[in-house]
Amino acid sequence: MSASGSIESLLGNLTLARATTDRAEHRRGDDAWLLGAWSNPTTRVLRVNRARFPLTADADLLWVGPDEVDVSAERLFLGVDGAGVAYFAARVGPDDDEGVPSAITWGDLRQYGVGLSDRDAGLAVASVALDNWHGNHPRCARCGDSTVIGNAGWIRRCTSCAAEHYPRTDPAVIMLAIDDDDRALLGRRAEWQPGWFSTLAGFVEAGESAEAAVRRELAEESGVVVDEVTYLGSQPWPFPCSLMLGYHAHATSTDITVDETEIVEARWFTRDELRAECEAGATAVPPAVSIARKLIERWFGGEIPGEWGRP
Ligand SMILES: [Zn+2]
């Protein structure tokens, strides 16, 4: 594939891959600048708790000023926009509604990610990813002692051995296998109800390339063998800390043997079969927020109607 072809092949509309603000990494260690930003009334703060955040009545992120946030909340510096406005997340308690009287609800990215602006989608994803990481890493992986937040939320330092730990991202591959008859392989996970189908996926293992993981996961979960794999794009999936790497893969075999543990059913679909079954309500595809949906749409040849998606 040519260089220009590979750029054109990228998925361009990934919901959670959108972002417009500068992460301003050089400010993270600048305590004087950070204090100045926190005392600036134009600074915007998003409160976050266990992957959820407050929303306005219009389902936009509810941004507040620094003086409206609990002084004990840990601050995570997210970046600066083109107008010089600084953005932070604040890790608050589960019932912390003080200062946000107009918040009608707390929600998460799966539910509200599609409707957010490009700016807010990027800031919300970073907030949730960082909050998850801090919540899951209170102790040092080297010596087991406690860690404390540093660098405006982008480091945890061990209080005993001084080891520095950085936000973790786990790469996962997600892939649509397509056979020589232009059919797509979709599978159903054990925990899903009958009729729900999606692309197969799995984590990249230690010491493994992403391309090898695509081939291994397809073989393990479905028995299907693929040769060429084509990278199409990535999006963060902070549930709690994945980065989904999306592929199409060319199948050289079509016999299916599911693993019966993760995947209990897998099938080859023609476009007509997918359309007919989705219109009849017998089959549902993944929600629009997912890269799986975009991988299926790319094969299908256009946007899939919202009502074909599972809840
Ligand atoms: Zn330590």
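My aim in this report is to walk through the structure given alongside it, one point at a time.

### Focus on the coordination of the zinc ion
- The zinc ion binds to the protein through Cys140 (SG), Cys143 (SG), Cys158 (SG) and Cys161 (SG), with metal-donor distances spanning 2.3 to 2.4 Å.
- Metal-centred angles of 99 to 116 degrees between the 4 donor atoms at the zinc ion mark the site as tetrahedral.
- In the primary structure, the donors to the zinc ion are separated according to the pattern C-x2-C-x14-C-x2-C. Here Cys158 lies in strand β7 (residues 155-158) and Cys143 lies in the loop between α4 (118-136) and β6 (147-150), a separation of 15 residues in the sequence.

### Quick look at the pairing of strand β12 (residues 226-237)
- As paired strands, β12 and strand β13 (residues 242-251) are joined by 9 bridges and run antiparallel to one another. When the sheet's bridge partners are listed, Ser234 is paired in β13 with Leu245.
- Taken together, β12 and the strand that follows it, β13, pair antiparallel across an intervening segment of 4 residues.

### Brief notes about the environment of Arg298
- Among the structural elements, Arg298 can be located in helix α7 (residues 291-300).
- With 126 residues separating them along the chain, Arg298 and Ala172 place their C-alpha atoms 20 Å apart.

### Some words on the pattern of salt bridges
- Under the counting rule described, the total for this entry stands at 19 salt bridges.
- We note a salt bridge from Glu265 to Arg188, for which the minimum N-O separation is 2.9 Å. With Glu265 in strand β14 (residues 263-269) and Arg188 in strand β10 (residues 184-189), this residue pair connects regions lying 77 residues apart in the sequence.
- The class for Glu265 is partly exposed, based on a relative accessible area of 27%.
- By relative accessible area, Arg188 is classed as buried at 13%.
- Across the pair Glu220 and Arg216 runs a salt bridge whose closest N-O atoms are separated by 3.3 Å. One end of the pair is Glu220 and the other is Arg216, both in helix α5 (residues 210-222) and 4 residues apart, which spans about a single turn.

Criteria and cut-off values
Residues numbered from 1 in each chain as written. Predicted model: local features only at pLDDT ≥ 70, side-chain atom pairs only at ≥ 80, totals over all residues. Heavy atoms only, no water. Donors = N, O, S within 2.8 Å, 3.2 Å for Na, K, Ca; no water. Tetrahedral: all angles 85-135°; square planar, octahedral: opposite > 155°, others 65-115°. Helix = DSSP H or I, 4+ residues; strand = E, 2+ residues; numbered from the N terminus. Pairing = 2+ DSSP bridges. Salt bridge = Lys/Arg side-chain N within 4 Å of Asp/Glu carboxyl O. Buried < 20%, exposed > 50% of the residue type's maximum accessible area, 1.4 Å probe, protein only.

Keep in mind that these numbers describe shape and distance, not what the molecule does.
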